[in-house]
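Overview (structure and organization)
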Amino acid sequence: MTQNNRERLRQAQADAAKQQRLNRIIGVGAAILVVVLIAVFIGVLVQNQSHQAASNSSAVTPPNATSDGKAIAISPGVAKQGAPLVELFFDYQCPYCKLLETTYGSSFTSLAASGDIELHYRTMSFLDASLGNDASVRAGIAATCADEVGKYSVFHNEIYAEQPETEGQGYTDDALRDSIPAKVGITGDDLTTFQSCYDKQATKTFVTTMGDLGVQDLQAVTKQVSTPTVFVNGKNLSLNDLGDPSGLLDLIKQNA
Amino acid sequence: MTLGARLVLGVVLMVAGLLKVTRLDASIQSVRLYQILPWDVTAAVGSALPIIEIAVGLLLVTGTFVRVSAVVGSLLMLAFIIGISSVWARGINIDCGCFSPGAEVDASQTQYPLEILRDTGLLLCGAWAAWRPRSPFAVDNWLFAPVTEPAEDPDPTIADDKEPAR
């Protein structure tokens, strides 16, 4: 009888130990799961909050922004009746965008100034993700802040002129905030307006949204995101067809 | 062997996660560039991914729930491999995102096989750790310590609270 009792007691102890082991495993597992879930939740929350904060803090939409927020219009309001809409997708850190800009940039802008085309500049900032910096967004902010003082186009060109030799090196704040404005002749009150806009990143929401909308449209039409890309009336223009800049208007008209 | 596999995959995941966690915007952007997931889903995935990477990395390094975390880590690697292959197959140049005429394509395209090779290596680490989850210096050794036969020991709770011998 005592033998039997001891056996039963031992069994009960063993069961209790097993139960304890199980509780320990479940307890630690559940704790880890809860901590990870909370961390993910906080991460998503912080992400949303920072978006909200950005859109609340004196957000500025540049004067030449199109009403849909997708682009900056170059020489708005002068396009002739039925002039084709040309959209230029570019990223300030992309070397081939610089190439397109130096070869064809002035042809595009003069066609816009003469009203032969309606020209929209669509700034992308997706290279920031690939290159691991934030220079595309900052360059975009600087350019749109320059629009505040009526210097968008020249500023845009000067950014490309200052593009670092090595892709990924990025633009410095010094270049965007001080030396480029000086080169394009932003001075006095205009300089104060510009620098305050840049320092507050006032156009950041506009720039990042413009980039997001650009990615969406590029994916929809070309099935990929790559810059530079040119749309004529919403259709992709093959850049391989680009020849001498003097033939640009004819090429656009053929593809309109 | 498992210890090595655990540490390699764990440290890589932690570093990858930590690099991204302070820049969730960029993390979301890079998920978008793969153009696999729907637009709205990318925001959630892009924000959650770095945190999950850090968590799984920590679990692997400390050796906690090694089998489960190694399986999750391997699935992450598998997802990355599929993502990179898909981008490669579609001819998207993700690192530059730039239109590259002719010869210039090569330089960036050669990165894809390397990245796939790297992730395959990490996947193998994960698979090994999942197959043979037992290793020294692991929290699991305490967590899953076998129940000591309470032969003469009258009070099993005391025995359980002791740190196990390594």
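Right, let's walk through the structure included here. Every value quoted in this text rests on a predicted model; they were computed, and no experiment measured them. (Residues numbered from 1 in each chain as written. Chains lettered and ligands numbered in written order. Predicted model: local features only at pLDDT ≥ 70, side-chain atom pairs only at ≥ 80, totals over all residues. Heavy atoms only, no water.)

1. A few points about the overall build of chain A
Along the backbone of chain A there are 9 helices and 5 strands. For chain A, the succession of helices and strands along the chain, N to C, is α-β-β-α-β-α-α-α-α-α-α-β-β-α. Within chain A, the proportion of its 256 residues that are buried is 44%. Residue pairs in contact within chain A that sit at least 24 positions apart in sequence constitute 74% of those at least 6 positions apart. With an accessible surface of roughly 12,400 Å², chain A has 53% of that area assigned to carbon and sulfur atoms. (Helix = DSSP H or I, 4+ residues; strand = E, 2+ residues; numbered from the N terminus. Buried < 20%, exposed > 50% of the residue type's maximum accessible area, 1.4 Å probe, protein only. Contact = heavy atoms within 4.5 Å. Areas by Shrake-Rupley, 256 points an atom, 1.4 Å probe, with all protein chains shown as cover.)

2. Regarding the sheet that holds strand β5 (residues 235–237) of chain A
Residues and elements named next belong to chain A. Ordered by their spatial adjacency, 5 strands build an open sheet running β1-β3-β2-β4-β5, and the pairing between neighbours is mixed. What marks the edges here is a single partner per strand, and that holds for β1 (72–74) and β5. The average undirected angle you get between the axes of adjacent strands in this sheet is 30°. Most of the contacts of helix α2 (residues 95–113) go to strand β3 (residues 118–124), to which it runs at about 150°, and overall it touches β1, β2 (85–91), β3 and β4 (229–232). Sheet strands touched by helix α9 (residues 248–255): β2, β4 and β5. Its angle to β5, the strand with the most contacts, is close to 145°. (Pairing = 2+ DSSP bridges. Axes fitted to C-alpha atoms, helices over the stretch in contact; angles between N-to-C directions.)

3. What to know about the packing of helix α6 (residues 173–183) of chain A against helix α7 (residues 188–199) of chain A
Residues and elements named next belong to chain A. Look at α6 against α7: their axes get within 11 Å of each other, and the N-to-C directions meet at 170°. Classified by the interaxial angle, the pair formed by α6 and α7 is roughly antiparallel. Taken together, the residues of α7 that come into contact with α6 (itself represented by D173, L176, R177, D178 and P181) are L191, F194, Q195, Y198 and D199. Residues belonging to the contact of α6 with α7 are distributed by class as follows: 5 nonpolar, 1 polar and 4 charged. (Parallel < 35°, antiparallel > 145°, perpendicular 65-115°, else oblique. Nonpolar A, V, L, I, M, F, W, Y, C, P; charged D, E, K, R; others polar.)

4. Comments concerning the layout of surface pockets
Approximately 1,200 Å³ is the volume attributed to the largest pocket. Lining the largest pocket we find 36 residues, and of these K20, S30, Y34, L49 and F80 of chain B sit closest to its centre. Where the lining of the largest pocket is concerned, the elements lending two or more residues are α3 (127–131) of chain A together with α1 (2–21), α2 (24–33), α3 (39–62), α4 (66–89) and α6 (111–131) of chain B. Sorting elements by how many residues they give to the lining of the largest pocket places α4 of chain B first, with 7 residues. Split by residue class, the lining of the largest pocket holds 23 nonpolar, 5 polar and 8 charged. (1 Å grid on protein atoms, 1.4 Å probe; cavity = no way out; pocket = protein on both sides within 12 Å on 5 of 7 lines; lining within 4 Å. Points joined across faces, edges and corners; volume = space filled by probe spheres on them.)

5. A word on the pairing of β3 of chain A
Residue and element names in this part refer to chain A. Counting buried positions along β3 yields 6 of 7 residues, so the element is predominantly enclosed. Taken together, the 3 bridges between β1 and β3 define a ladder with antiparallel strand orientation. Across the sheet, A73 pairs through a bridge with H120, a residue of β3. Of the pairings in the sheet, the one linking β2 to β3 comprises 7 bridges and is parallel in character. For F90, the partnering residue across the bridge sits in β3 and is T123. At this point the chain moves from β2, through α2, to the parallel β3, and the crossover so formed is right-handed. (Right-handed = clockwise from strand over helix to strand, strands pointing away.)

6. Side note on the environment of T103 of chain A
Residues and elements named next belong to chain A. Of note, T103 is situated in helix α2. T103 sits in the partly exposed class, given a relative accessible area of 35%. Counting along the chain gives 141 residues from T103 to D244, while the straight-line C-alpha distance between them is 9.0 Å.

7. As for the state of the cysteines
All names here are of chain A. For the structure on display, the rule yields 1 disulfide over all chains. Paired by a disulfide, C145 and C197 hold their sulfur atoms 2.0 Å apart. Its S-S torsion of approximately -75° makes the covalent link between C145 and C197 left-handed. With C145 in helix α4 (residues 135–148) and C197 in helix α7, the pair connects residues that are 52 residues apart, well separated along the chain. Pair check on accessibility: C145 and C197 agree, each one buried. (Disulfide = S-S within 2.5 Å.)

8. A word on the packing of aromatic side chains
Applying the stated rule across the entire model yields 11 aromatic pairs over all chains. Arranged with centres 6.3 Å apart and planes meeting at 65°, the rings of F90 of chain A and Y160 of chain A form a pair that is edge-to-face. One end of the pair, F90 of chain A, is in strand β2; the other, Y160 of chain A, is in helix α5 (residues 152–161), and 70 residues separate them in sequence. Three or more aromatic residues joined by ring pairs make a cluster, and in this case those are F90, Y92, Y121, Y152 and Y160 of chain A. Above the plane of the ring of W142 of chain B lies R24 of chain A, whose end atom (NZ or CZ) is 5.1 Å from the centre. It is R132 of chain B that lies over the ring of W131 of chain B; its NZ or CZ is 4.1 Å from the centre. (Phe/Tyr/Trp six-rings, centres within 6.5 Å; stacked < 30°, edge-to-face > 60°. Lys NZ or Arg CZ within 6 Å of the ring centre and 35° of its normal.)

9. Some points on empty space enclosed by the protein
Applying the stated criterion to the full structure yields 2 cavities of 30 Å³ or more. Its volume calculated, the largest cavity comes out at about 50 Å³. Split by residue class, the lining of the largest cavity holds 4 nonpolar, 5 polar and 1 charged.

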